[in-house]
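# Fold and geometry: a report
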2 protein chains.
Amino acid sequence: MQLPTYDDVIAAAARLQGHAHRTPVLRSTTADARWGASFFFKCENFQRMGAFKFRGAFNALSKFDATQRKGGVIAFSSGNHAQAIALSARLLSMPAVIVMPKDAPAAKVAATQGYGAEVVMYDRFTEDREALTKRLAQERGMTMIPPYDHPDVLTGQGTAVKELIEETGPLDHLFVCLGGGGLLSGSALSARALAPDCKVYGVEPEAGNDGQQSLRTGKIVRIETPKTIADGAQTQYLGEYTFGIIRRDVDDIFTVTDAQLVDAMRFFAERMKMVVEPTGCLAFAGAIAASKAIAGQRVGIVISGGNVDLSRYAALLSS
Amino acid sequence: MQLPTYDDVIAAAARLQGHAHRTPVLRSTTADARWGASFFFKCENFQRMGAFKFRGAFNALSKFDATQRKGGVIAFSSGNHAQAIALSARLLSMPAVIVMPKDAPAAKVAATQGYGAEVVMYDRFTEDREALTKRLAQERGMTMIPPYDHPDVLTGQGTAVKELIEETGPLDHLFVCLGGGGLLSGSALSARALAPDCKVYGVEPEAGNDGQQSLRTGKIVRIETPKTIADGAQTQYLGEYTFGIIRRDVDDIFTVTDAQLVDAMRFFAERMKMVVEPTGCLAFAGAIAASKAIAGQRVGIVISGGNVDLSRYAALLSS
């Protein structure tokens, strides 16, 4: 298996030019004073459809050939990947089918349909979504794009940290959330190329530390779906591509509790005036926990997204 | 009375260089599609201490002479002006006294003290805060800086729209929140100079439409303290300087209800991932209400701040 390289991230950035937002890098004097480092927050919660996932999806779909474009794209997801694929397909004028469980929140179904995708429902208890997706792909001539374990997806995600380091200059440390590893592996490609001395860390929920176990044992560890408020990191295992890069380019993987995520979420709301979804709080919560080790240094934080149901968000803020 | 000019805004911008954040201008595809115009959001909720007020306070304090610096600054406020003065005084190494009511929220007192200011409490029912402030100013040789009706304050506030239009190019319409008129009058100076054809509007709470009455009758109208969730716009009357500019340079003043503010607040959280305080929602709520009149055009929106108690914010989001 050939792993993608930083050159592929550069090519992805060219494809995203004029389509993805170049999201702002924000600072916080309060964060710097409280935790004793210089933080640079790359705000992918301000990305189109509210998360970095747009980058990978748009990059992958941009590479479709004429036949693939005609057939369109199919994906299974009830999260940010669904909306990222739906929006990218609309922008590139191709059909999109998103396979979602029948009991997915109505708001997510509506949002995905709002971007023009066809939503196909399945029964989580009686149907196999992968088999269903494959059958539909074959019947309709559609190309399946997975949420993270795909070279074009992960190199698209890597463009966020490319932009970050181009704007800030070299960093000493970089913290990135970790679910399936698309964002972390792409970020690592960019960091290794642009700031070779920068330490790169993944941060995952304590309840689902398969990434940490995988890095430490040197092989992909599979776990049960973890119980955590970080719904974007409820993955059971890393991908082949993403782990291949993570194993080589990532220095360590930390874990944080849900309570630490809520603390970070409150900080973002109260002091930085940003809505960040629980998964998007992973990187900063990890950096706070590691504040002794990063004291006085330049620290990049990738805020991955801001898609959280408002009533749930309000409940978490008041908790 | 000589009104300040756009040249004073340019001078203020030079003083703020390297001290105030150049806040981002964000776009929202969803807002553009839903309300049929091209919106440019100038995000002063990301300004230092969370609101545009830092600009005016820092500009005013930067102009103090050596004697004034030694004596320091005094202000009465329990809102954003208090924190703006406190932070600016700390940055310029001068003493600051903020006069606040005894029953001000502990969080606001703590935040102001956190910026290094001395807080002097008074009893709202038995003491006259203006008399107290004047007496303290005289006793301690401090200079009083009012929250809006001061040339250096309002021209400092004008730097936000200067940055906005420099970044976006000419706009057709500009919506700005209106309390005492510091932000609106400063914004109007910048808009008139940089985009002469741009219509400039103030937006105030329906419960406190003294600005609208003042513009329409041609003289400053005084009202009772209005009951509204927009606590930054609970002013009773415009200032002499601010009204002088508003009367000349502002095209119209609209009002919105608290319910419209909450709708805008929810939109900012849900779609733009931003925490905006109720007062900061005035401009966009006004633009939404006027969406027929601005269809297809380029519209600037000034988001004034994001300082809202988290539990209150959570309650408003869930309301």
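Residues numbered from 1 in each chain as written. Chains lettered and ligands numbered in written order. Predicted model: local features only at pLDDT ≥ 70, side-chain atom pairs only at ≥ 80, totals over all residues. Heavy atoms only, no water.

Looking only at helices and strands, one finds 15 helices and ten strands in chain A. When its C-alpha atoms are laid out on the principal axes, chain A stretches across 55 × 45 × 40 Å. In chain A, buried positions account for 61% of the 319 residues. Of the contacts formed within chain A by residues at least 6 apart in sequence, a portion of 73% connects residues at least 24 apart. (Helix = DSSP H or I, 4+ residues; strand = E, 2+ residues; numbered from the N terminus. Buried < 20%, exposed > 50% of the residue type's maximum accessible area, 1.4 Å probe, protein only. Contact = heavy atoms within 4.5 Å.)

Residue and element names in this part refer to chain A. One can find Y122 in strand β5 (residues 118-122). Given a relative accessible area of 6%, Y122 falls into the buried group. Measuring from C-alpha to C-alpha, the distance between Y122 and F175 comes to 36 Å, with 53 residues separating the pair along the chain. Residues contacting Y122, with those up to four places away along its chain left out, are V99, M100, P101, K102, E127, R129 and L132.

Residues and elements named next belong to chain B. Tallied over the entire structure, the rule returns 26 salt bridges over all chains. Measuring nitrogen to oxygen at the nearest pair gives 3.6 Å for the salt bridge that ties E166 to R22. On the criterion of sequence distance, the pair formed by E166 in helix α9 (residues 159-168) and R22 in the loop between α1 (6-16) and β1 (25-26) is long-range, its members being 144 residues apart. On the basis of relative accessibility, which here comes to 51%, the residue R22 falls in the exposed class. With a closest N to O distance of 2.6 Å, R55 and E44 form a salt bridge. Here R55 is found in helix α3 (residues 53-62), whereas its partner E44 is found in the loop between β2 (38-43) and α3, with eleven residues between them in sequence. For the pair formed by R55 and E44, the shared burial category is buried. (Salt bridge = Lys/Arg side-chain N within 4 Å of Asp/Glu carboxyl O.)

Turning our eyes to something else, we now look at the side chain of E277(A). With respect to the helices and strands, the residue E277(A) is situated in the loop between α13 (258-272) and α14 (282-289). Within the buried set, E277(A) has no salt-bridge partner at all; the shortest N-O distance to an opposite charge, 6.7 Å, is to K273(B). Within the structure, E277(A) has its side chain in polar contact with the backbone nitrogen of G306(A) (distance 3.2 Å). The contacts of E277(A), once residues within four sequence positions are left out, are G50(A), N80(A), D231(A), M265(A), G305(A), G306(A), N307(A) and V308(A). (Lys, Arg positive; Asp, Glu negative; His and termini not counted. Polar contact = N/O pair within 3.5 Å; in protein donor to acceptor, adjacent residues only side chain to side chain.)

With that settled, consider the confidence of the model for chain A. Confidence in the prediction for chain A averages 96 pLDDT; 100% of positions are at 70 or higher. Complex prediction metrics read pTM 0.93 and ipTM 0.91. (pLDDT = per-residue confidence, 0-100.)

At an RMSD of 0.0 Å, chain B and chain A line up after a rotation of 180° and a shift of 0.0 Å along the axis. Such a turn and shift between the copies fits a two-fold axis. (Least-squares fit on C-alpha atoms with pLDDT ≥ 70 in both.)

Glancing now at the sheet that holds strand β6 (residues 143-144) of chain B. All names here are of chain B. If you walk across this open sheet you meet the four strands as β5-β4-β3-β6, and the pairing is parallel. The sheet terminates laterally at β5 (118-122) and β6, the two strands that pair on one side only. Pairing analysis gives four bridges linking strand β3 (residues 73-76) to strand β4 (residues 96-101), with the strands arranged parallel. Bridging from a neighbouring strand, V73 pairs with A96 of β4. (Pairing = 2+ DSSP bridges.)

To continue, consider helix α14 (residues 282-289) of chain B. The buried count for α14(B) comes to six of eight residues, which makes it a mostly enclosed element. Considered for burial, the residues of α14(B) that qualify are L282(B), A283(B), F284(B), A285(B), G286(B) and A287(B).

For interface size, the figure often reported is the accessible area lost on association. Tallying the contact residues gives 23 residues for chain B and 23 residues for chain A. Note on chain B versus chain A: buried area summed over both sides is about 1,900 Å², and carbon and sulfur give 66% of it. The three residues of chain B that bury the most area against chain A are F46(B), K273(B) and L310(B), which together make up 36% of that side's buried surface. Seen at the junction of chain B and chain A, the total is zero salt bridges. If you look at where chain B meets chain A, you find six residue pairs in polar contact (both at pLDDT 80 or more). Those elements that place two or more of their residues in the side of chain B that touches chain A are α13 (258-272) and α15 (310-318) of chain B. (Buried area = accessible area lost by both parts, 1.4 Å probe.)

Turning our eyes to something else, we now look at the environment of A191(B). All names here are of chain B. With respect to the element layout, A191 can be found in helix α10 (residues 182-194). Along the sequence, A191 and P170 sit 21 residues apart, while their C-alpha atoms lie 8.8 Å from each other. The residues contacting A191, other than those within four sequence positions of it, are V161, I165, L174, P196 and V200.

This part covers the packing of α13(A) against helix α15 (residues 310-318) of chain A. Residue and element names in this part refer to chain A. Where α13 meets α15, the axes come as close as 9 Å, and the angle between the chain directions of the two elements is 100°. Judged on the interaxial angle alone, α15 and α13 are roughly perpendicular. In contact with V262, M265, R266 and A269 of α13, α15 contributes Y313, L316, L317 and S318. Considering only residue class, the contact of α13 with α15 consists of six nonpolar, one polar and one charged. (Axes fitted to C-alpha atoms, helices over the stretch in contact; angles between N-to-C directions. Parallel < 35°, antiparallel > 145°, perpendicular 65-115°, else oblique. Nonpolar A, V, L, I, M, F, W, Y, C, P; charged D, E, K, R; others polar.)

With that settled, consider the nonpolar core. Counting 146 residues, the largest nonpolar core has F39(A), F284(A), F39(B) and F284(B) as its most contacted members. For F39(B), the contacting residues outside a window of four places in its chain are L26(B), R27(B), A31(B), D32(B), F284(B), A287(B), I294(B), V299(B) and I301(B). (Core = buried A, V, L, I, M, F, W, Y, C linked by side-chain atoms within 4.5 Å.)

Glancing now at the sheet that holds strand β3 (residues 73-76) of chain A. Residue and element names in this part refer to chain A. The parallel open sheet is built from four strands, whose spatial order is β5-β4-β3-β6. Of all strands in the sheet, those bounded by a partner on one side alone are β5 and β6 (143-144). Bridge count for strand β4 (residues 96-101) against β5 is five bridges, and the pairing is parallel. Residue pairing in the sheet places P101 in a bridge with Y122 of β5. This element, helix α7 (residues 129-140), spans β3, β4, β5 and β6 of the sheet and lies at about 175° to β3.

Moving on to unusual backbone geometry. Most peptide bonds adopt trans geometry, and most residues besides glycine take a negative phi value. Residues other than glycine seldom take positive phi values, yet M49(A) does so here, at roughly 55°. Assignment of secondary structure puts M49(A) in the loop between β2 (38-43) and α3 (53-62).

Before going further, it helps to spend a moment on the side chain of N307(A). Assignment of secondary structure puts N307(A) in the loop between β10 (298-303) and α15. Take N307(A): its relative accessible area is 18%, and that puts it in the buried class. Of note is the side chain of N307(A), whose polar atom sits 2.8 Å from the backbone oxygen of M49(A). Here N80(A) takes part through its side chain, which lies 2.8 Å from a polar atom of the side chain of N307(A). Setting aside chain neighbours within four positions, we find N307(A) in contact with M49(A), G50(A), A51(A), N80(A), E277(A) and K273(B).

Residues and elements named next belong to chain B. The element β4 is extensively covered by neighbouring structure, given that six of its six residues are classed as buried. The two faces of β4 match: A96, I98 and M100 on one face and V97, V99 and P101 on the other face are all buried. Traced from β3 through helix α5 (residues 80-91) to β4, the parallel crossover comes out right-handed. Following the chain from β4 across helix α6 (residues 106-114) to the adjacent parallel β5, one finds a crossover that is right-handed. (Right-handed = clockwise from strand over helix to strand, strands pointing away.)

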